[in-house]
Amino acid sequence: MLGEFRRRRVLVPYGGNGAALTVETSGARWLLVFTDEAALARYVRARGEGDRNWRYRAVWGAAVLDAGVPAVAGTGLPCGVLVDAGDGERGLVLPPVVGIVPEGVAVDGPDMGALGGSGTGTRTRDVLDMDSGVETG
């Protein structure tokens, strides 16, 4: 499944500040990504926010893992990826561990104590800005 995710184009919603949307829980930050517009729409409706436009970028899953995760982890918390959040069994959790995210930002990696200071200074928006956003409605 990981290889398939890396080779797939996914949708990364972003907020008004241009940063990819994340959620924080259990001491980690999670990038939200969706496999298609229908999955994103289900998430939006579940949040009760179907009346506003959601902007997103279509990017390769590999870019999310290799560049987006380290950019978010550079803010001081480990970062994983939630694919199709809110879709129950259809969803996928990619935790911040070696073999999924880069070793330098994995919670079980050799540099796990450096998460707060090892960020590249690159903003998530810059890393994931591969396509212009499209409004959903």
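Our structure is the block above this text.
Residues numbered from 1 in each chain as written. Predicted model: local features only at pLDDT ≥ 70, side-chain atom pairs only at ≥ 80, totals over all residues. Heavy atoms only, no water.

Enquirer: So what exactly am I meant to see when it comes to the layout of surface pockets here?
Expert: Remark: the empty space left among the atoms is shown by a probe the size of a water molecule rolled over them. Taken as a whole, the largest pocket spans an internal volume of roughly 190 Å³. Forming the boundary of the largest pocket are Met-1, Glu-4, Phe-5, Arg-8, Thr-35, Val-83, Asp-84, Arg-90, Gly-91 and Leu-92. Looking at the lining of the largest pocket, its residues break down into four nonpolar, two polar and four charged. (1 Å grid on protein atoms, 1.4 Å probe; cavity = no way out; pocket = protein on both sides within 12 Å on 5 of 7 lines; lining within 4 Å. Points joined across faces, edges and corners; volume = space filled by probe spheres on them. Nonpolar A, V, L, I, M, F, W, Y, C, P; charged D, E, K, R; others polar.)

Enquirer: I tried to follow the pairing of strand β3 (residues 28–33) on my own but got confused; where do I start?
Expert: On any regular strand, side chains alternate: one points to one face of the sheet, the next to the other face. In terms of burial, β3 is a largely internal element, five of the six residues being buried. Judged from the four bridges that link them, strand β2 (residues 22–25) and β3 form a sheet pairing that is antiparallel. Within β3, the position partnered with Glu-24 by the bridge is Arg-29. From the end of β2 to the start of β3, which pair antiparallel, there are two residues, and Ser-26 there has a positive phi angle of about 50°. (Buried < 20%, exposed > 50% of the residue type's maximum accessible area, 1.4 Å probe, protein only. Helix = DSSP H or I, 4+ residues; strand = E, 2+ residues; numbered from the N terminus. Pairing = 2+ DSSP bridges.)

Enquirer: Help me understand helix α3 (residues 61–73) in this model?
Expert: Each turn of an α-helix holds 3.6 residues, which means side chains three or four residues apart point in the same direction. An ideal rise of 1.5 Å per residue puts 18 Å on 13 residues; α3 measures up with 17 Å between its terminal C-alpha atoms. At Ala-67, α3 shows its maximal kink, close to 30°; a proline, Pro-70, follows between one and four residues later. Most of α3 is tucked away, with eleven of its 13 residues classed as buried. Within α3 the residues assigned to the buried category are Gly-61, Ala-62, Ala-63, Val-64, Leu-65, Gly-68, Val-69, Pro-70, Ala-71, Val-72 and Ala-73. (Expected span 1.5 Å × (residues − 1). Bend = angle between axes of the 7 residues up to and from the residue.)

Enquirer: It is not clear to me how the pairing of strand β5 (residues 79–83) should be interpreted in this structure. Could you clarify?
Expert: In terms of burial, β5 is a largely internal element, five of the five residues being buried. Every second residue of β5 is oriented toward a common face, with Cys-79, Val-81 and Val-83 on one face and Gly-80 and Leu-82 on the other, all of them buried. For β3 and β5, the ladder comprises five bridges, and the chain directions are parallel. Along β5, the bridge assignment pairs Leu-31 with Val-81. Sheet topology places β5 next to strand β6 (residues 92–94); three bridges connect them, and they run antiparallel. Looking across to β6, one finds that Leu-82 is bridged to Val-93.

Enquirer: Got a minute to help me understand the sheet that holds β2 in this structure?
Expert: Pairing between the strands of a sheet comes from backbone hydrogen bonds, and it takes one of two forms, parallel or antiparallel. Strand order in the open sheet made by the four strands is β2-β3-β5-β6, with mixed pairing throughout. Two strands close off the open sheet at either side, each with one partner strand: β2 and β6. The average undirected angle you get between the axes of adjacent strands in this sheet is 25°. (Axes fitted to C-alpha atoms, helices over the stretch in contact; angles between N-to-C directions.)

Enquirer: Would you mind showing me how to read helix α2 (residues 37–46) here?
Expert: Considered for burial, the residues of α2 that qualify are Ala-39, Leu-40, Tyr-43 and Val-44. The arc that holds the buried residues of α2, viewed along the axis, is 140°, so those residues lie on one side. For α2, the exposed residues lying more than 90 degrees away from the buried face are Arg-45 and Ala-46. The inward-facing, buried residues of α2 contact β1 (9–14), β2, β3 and β4 (55–60). Put simply, Asp-36 is the residue that caps the front of α2, since its side-chain oxygen is 3.2 Å from the backbone nitrogen of Ala-38. Just downstream of α2 lies Gly-48, where phi reads positive at about 75°. (Arc of directions from axis to C-beta. Contact = heavy atoms within 4.5 Å. Polar contact = N/O pair within 3.5 Å; in protein donor to acceptor, adjacent residues only side chain to side chain.)

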